[in-house]
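Here is what each chain is made of, one letter per residue.
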Amino acid sequence: MTETVRAIHVGVPEDIEDGEAVVVPAERTGTGDGIAVFHCDGEFYALDDTCTHAEASLADGWIEDGEVECPMHSGRFCLSTGEALCMPATENARTHKVEIGDDGLWLHPGSST
Ligand code: FES
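Residues numbered from 1 in each chain as written. Predicted model: local features only at pLDDT ≥ 70, side-chain atom pairs only at ≥ 80, totals over all residues. Heavy atoms only, no water.

Caption draft 1: Looking closely at the overall build of the protein chain. Within the protein chain one finds one helix and nine strands. In sequence order, the secondary structure elements of the protein chain are arranged as β-β-α-β-β-β-β-β-β-β. Scaling as 2.2 N^0.38, a compact globule of 113 residues should have a C-alpha radius of gyration of about 13 Å, and the protein chain matches this with 13 Å. In terms of its C-alpha atoms, the protein chain occupies a principal-axis envelope of roughly 40 × 35 × 20 Å. Taking all 113 residues of the protein chain together, 44% fall into the buried category. Contacts in the protein chain between residues at least 24 apart in sequence constitute 40% of all its contacts with a sequence separation of at least 6. If you sum the accessible surface of the protein chain, you get close to 5900 Å²; carbon and sulfur atoms cover 45% of it. (Helix = DSSP H or I, 4+ residues; strand = E, 2+ residues; numbered from the N terminus. Rg over C-alpha atoms; globule rule 2.2 N^0.38 Å. Buried < 20%, exposed > 50% of the residue type's maximum accessible area, 1.4 Å probe, protein only. Contact = heavy atoms within 4.5 Å. Areas by Shrake-Rupley, 256 points an atom, 1.4 Å probe, with all protein chains shown as cover.)

Caption draft 2: Main features of unusual backbone geometry. Met-87 connects to Pro-88 through a cis peptide bond whose omega is 5 degrees. The phi dihedral of Asp-65 falls on the positive side, at around 50 degrees, and the residue is not glycine. Its location among the elements puts Asp-65 in the loop between strand S5 (62-64) and strand S6 (67-69). The residue Ser-74 is not glycine, and still its phi comes out positive at about 70 degrees. Within the element layout of this structure, Ser-74 appears in the loop between S6 and strand S7 (76-78).

Caption draft 3: Main features of the environment of Val-23. Take Val-23: it is sitting in strand S2 (residues 21-24). Given the relative accessible area of 39%, Val-23 is considered partly exposed. With ten residues separating them in the primary sequence, Val-23 and Asp-33 have C-alpha atoms 9.9 Å apart. Filtering out sequence-adjacent residues up to four positions away, Val-23 remains in contact with Gly-34, Ile-35, Ala-36, Asp-49, Ser-57 and Ala-59.

Caption draft 4: Up close: the UniProt feature "domain: Rieske" (unreviewed entry) in the protein chain. Feature annotation in UniProt assigns "domain: Rieske" (unreviewed entry) to the following positions: residues 8-107. Strand forms 40% of residues 8-107 and helix 4%; the C-alpha atoms that close the span are 5 Å apart. (UniProt positions renumbered as here; feature names shortened; annotations may be inferred.)

Here it is in structure tokens:
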């Protein structure tokens with residue numbers, strides 16, 4: 001699949017509470033997976049939503065200290081790099097660029113951070 005880099009307006013920063021995430025569905029991202037946009041400690045990050053270990057939504061995970069813990073088997077990923085930090089997750093998650101503009105949050109699918 002060819003990945004298209006284009007910006008998607010996700011909303012305004014206030015739409016995503018600190019410690020929460022929203023999912024931009026695959027139909028909008030064009031990358032073959034939904035993308036979770038996370039708010040953690042005032043920063044915004046984006047990773048492919050589907051855990052690299054199995055079928056779980058990382059947006060439903062526990063978000064803290066720059067990491068997300070998968071809700072299914074507790075694998076953890078670094079939000080800024082996508083690095084898999086502990087078992088059973090061994091494959092890194094794909095990251096995407098998120099920008100904050102005057103008019104809100106913009107996601108750049110397929111454009112890594
Ligand atoms: S599905 Fe995420 S760690 Fe298993």
